[in-house]
Amino acid sequence: MDTIDLPGVSRGVSRLILGTDYYAPEIMERIAPIMDEFVAIGGNTFDTGRIYGGGKSEAALGQWIRERGNRDRVNVWTKGAHHDADGPRVNKAAIDDDMERSLEALQLDFVDLYALHRDDPDVEVGPILEALNAHIEAGRAKAIGASNWSYQRLQEANDYAAAHGLVGFSFSSPNFSLARANEPFWKGCVSVDDETWAWHRDTQLPLLSWSSQARGFFSGRFTPDNRENADLVRVFYSDDNWARQRRASELAAEKGVTTIQIALAYVLNQPFPTCALIGPANLDELHSCRDASFLTLTEEEIRRLEG
């Protein structure tokens with residue numbers, strides 16, 4: 001599997017990143033085969049987060065790494081400083097506390113990638129970067145990034161880092177897929193729009209996309225008349241997205257692949273470095289993602305899909 005390079009990470013980051021948000025030690029028999037096969041097909045990067053399952057996701061991932069003895073062959077990416085019931089908590093105290101809790105749950109000395117799960121525009125970027133750099137200096141994180149930050153805040157942060165001799169964000173993780181979001185899936189989430197896309201093209205900052213397959217919008221299970229999934233209806237149902245789905249289906253038929261594979265290939269065939277977070281429920285879905293990662297789309301095909 002192809003990889004991208006991130007400063008500070010000793011090995012490349014696989015273009016497919018395995019999401020583990022629902023993982024827990026109690027279901028290890030079900031999830032371990034997926035993690036094993038992900039590594040077997042060339043994947044090496046796993047995504048988790050402090051809030052996922054109240055720490056159970058991190059615990060499950062850490063358990064699997066210990067049992068397989070493969071820490072030197074995989075990248076662990078976790079996220080912290082997510083808002084809570086009291087509101088935003090993007091500050092040094094929250095970052096420090098979440099990092100400590102994450103490493104404890106993972107039972108690791110460090111993570112390869114660390115990202116802030118949300119932003120708080122009321123907090124200046126300087127103290128945030130200084131807090132994160134303290135963890136880099138202590139060896140607890142190798143690379144830092146931001147999930148659900150606007151490109152303006154990312155630029156501000158990296159300008160500050162450059163001016164103050166700090167390590168800046170080496171990646172961003174917004175929602176990016178062939179389907180354009182009508183509104184945020186969750187409060188505080190960021191989806192790529194035209195301006196964000198252009199910024200990534202110009203800066204070449206790697207983009208690690210969550211909901212890269214639009215939560216199954218291109219799977220064939222959904223139609224304009226099927227409105228049973230309220231969140232999918234709210235976020236992705238639109239005339240433009242149904243048109244994108246039709247064009248993806250047409251291109252898939254021409255290439256002898258599936259519509260959802262075209263949707264994943266779209267994310268991976270951009271003019272800037274991209275990785276796609278995937279959440280396969282079984283080995284068949286994982287293999288579908290693997291095959292999609294090998295698809296090459298031309299600029300003309302990309303423009304055709306976008307309409």
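Residues numbered from 1 in each chain as written. Predicted model: local features only at pLDDT ≥ 70, side-chain atom pairs only at ≥ 80, totals over all residues. Heavy atoms only, no water.

K.L.:
What is the right way to look at the pattern of salt bridges in this model?
P.N.:
A side chain with one charge can pair with a side chain of the opposite charge if their charged atoms come near. Using the criterion set out here, one finds 20 salt bridges in the structure. Each of R11, R71 and D112 takes part in salt bridges that share partners, so that together they form one network. (Salt bridge = Lys/Arg side-chain N within 4 Å of Asp/Glu carboxyl O.)

K.L.:
I'm lost on helix α5 (residues 151–163) in this one. Help?
P.N.:
Structural remark: α-helix, 3.6 residues per turn; residues separated by three or four positions point the same way. Across its 13 residues, α5 extends 18 Å between first and last C-alpha, which sits within 8% of the 18 Å expected from 1.5 Å per residue. Here α5 has its buried residues at Y151, R153, L154, A157, N158 and A161. Each buried residue of α5 lies within a common arc of 160° when the element is viewed along its axis, so the set occupies one face. Summarising the contacts, the buried residues of α5 are in contact with α4 (125–137), β7 (141–147), β8 (171–173) and α6 (194–203). (Helix = DSSP H or I, 4+ residues; strand = E, 2+ residues; numbered from the N terminus. Expected span 1.5 Å × (residues − 1). Buried < 20%, exposed > 50% of the residue type's maximum accessible area, 1.4 Å probe, protein only. Arc of directions from axis to C-beta. Contact = heavy atoms within 4.5 Å.)

K.L.:
Would you take a moment to explain the state of the cysteines for this structure?
P.N.:
Here is the idea: a disulfide is a covalent bond, and it sits between the sulfur atoms of two cysteines. By the definition in use, this model includes 0 disulfides. The thiol sulfur of C275 is not disulfide-bonded, and the nearest other cysteine sulfur, from C289, lies at 14 Å. For C289, a relative accessible area of 4% translates into the label buried. (Disulfide = S-S within 2.5 Å.)

K.L.:
Hey, could you run me through the pairing of strand β6 (residues 111–116) in this one?
P.N.:
As a general feature of sheets, a regular strand has side chains that alternate between the two faces. With respect to burial, β6 is a largely interior element, 6 of its 6 residues being buried. Bridge analysis of strand β5 (residues 75–80) against β6 gives 4 bridges, and the strand direction is parallel. When the bridges of β6 are listed, T78 appears paired with Y114. For the segment spanning β5, helix α3 (residues 92–106) and β6, crossover handedness is right-handed. As paired elements, β6 and β7 share 5 bridges and run parallel to each other. Bridging across to β7, V111 finds its partner in A141. For the segment spanning β6, α4 and β7, crossover handedness is right-handed. (Pairing = 2+ DSSP bridges. Right-handed = clockwise from strand over helix to strand, strands pointing away.)

K.L.:
Mind showing me how you'd approach the pairing of strand β10 (residues 274–278) here?
P.N.:
Counting buried residues along β10, 5 of its 5 residues qualify, which places the element largely inside the surrounding structure. Along β10, one buried face is formed by T274, A276 and I278 and the opposite face, lined by C275 and L277, is buried too. Summarising the sheet, strand β3 (residues 16–19) and β10 pair through 3 bridges and their orientation is parallel. Within β10, the residue paired with L16 across the bridge is A276. Sheet analysis places strand β9 (residues 207–209) next to β10, joined by 3 bridges and oriented parallel. Counted as the bridge partner of S209 is A276 from β10.

K.L.:
Help me understand the packing of helix α1 (residues 28–40) against helix α10 (residues 283–293) in this model?
P.N.:
When two helices pack together, you describe them by how their axes are tilted relative to each other and by the distance separating the axes. Viewed as axis vectors pointing N to C, α1 and α10 meet at an angle of 25°, and their least axial separation amounts to 10 Å. The orientation of α1 with respect to α10, classified from their angle, is roughly parallel. Considering only the axes of α1 and α10, their crossing is right-handed. Across from P33, I34, E37 and F38 in α1, the residues of α10 making contact are L283, L286 and H287. Classifying every residue of the contact of α1 with α10 by side-chain character gives 5 nonpolar, 1 polar and 1 charged. (Axes fitted to C-alpha atoms, helices over the stretch in contact; angles between N-to-C directions. Parallel < 35°, antiparallel > 145°, perpendicular 65-115°, else oblique. Left-handed = near helix turned anticlockwise from the far one by under 90°. Nonpolar A, V, L, I, M, F, W, Y, C, P; charged D, E, K, R; others polar.)

K.L.:
Would you explain the side chain of E58 in this entry?
P.N.:
Structurally, E58 is set in helix α2 (residues 56–68). Excluding residues that lie within four positions of it along the chain, E58 makes contacts with T48, G49, R50, T78, R101, S102, A105 and L106.

K.L.:
What exactly am I supposed to notice about the packing of α2 against α3 here?
P.N.:
Close contact between α2 and α3 brings their axes to 7 Å; oriented N to C, the two are set at 45°. It follows from the interaxial angle that α2 and α3 lie oblique. In this structure, α2 uses E58, A59, L61, G62 and R66 to contact α3, whose residues at the interface are R101, S102, A105 and L106. In terms of residue class, the contact of α2 with α3 is made up of 4 nonpolar, 2 polar and 3 charged.

K.L.:
Honestly, the packing of aromatic side chains in this entry has me stumped. Any pointers?
P.N.:
Aromatic ring pairs are defined here through the distance separating the ring centres and the angle between the ring planes. Tallying each qualifying case throughout the model produces 15 aromatic pairs. Here the aromatic rings of Y237 and W242 are separated by 4.9 Å at their centres, their planes lie at 75°, and the arrangement is edge-to-face. Note on Y237: relative accessible area 10%, which makes it buried. The class of W242 is buried, set by a relative accessible area of 8%. (Phe/Tyr/Trp six-rings, centres within 6.5 Å; stacked < 30°, edge-to-face > 60°.)

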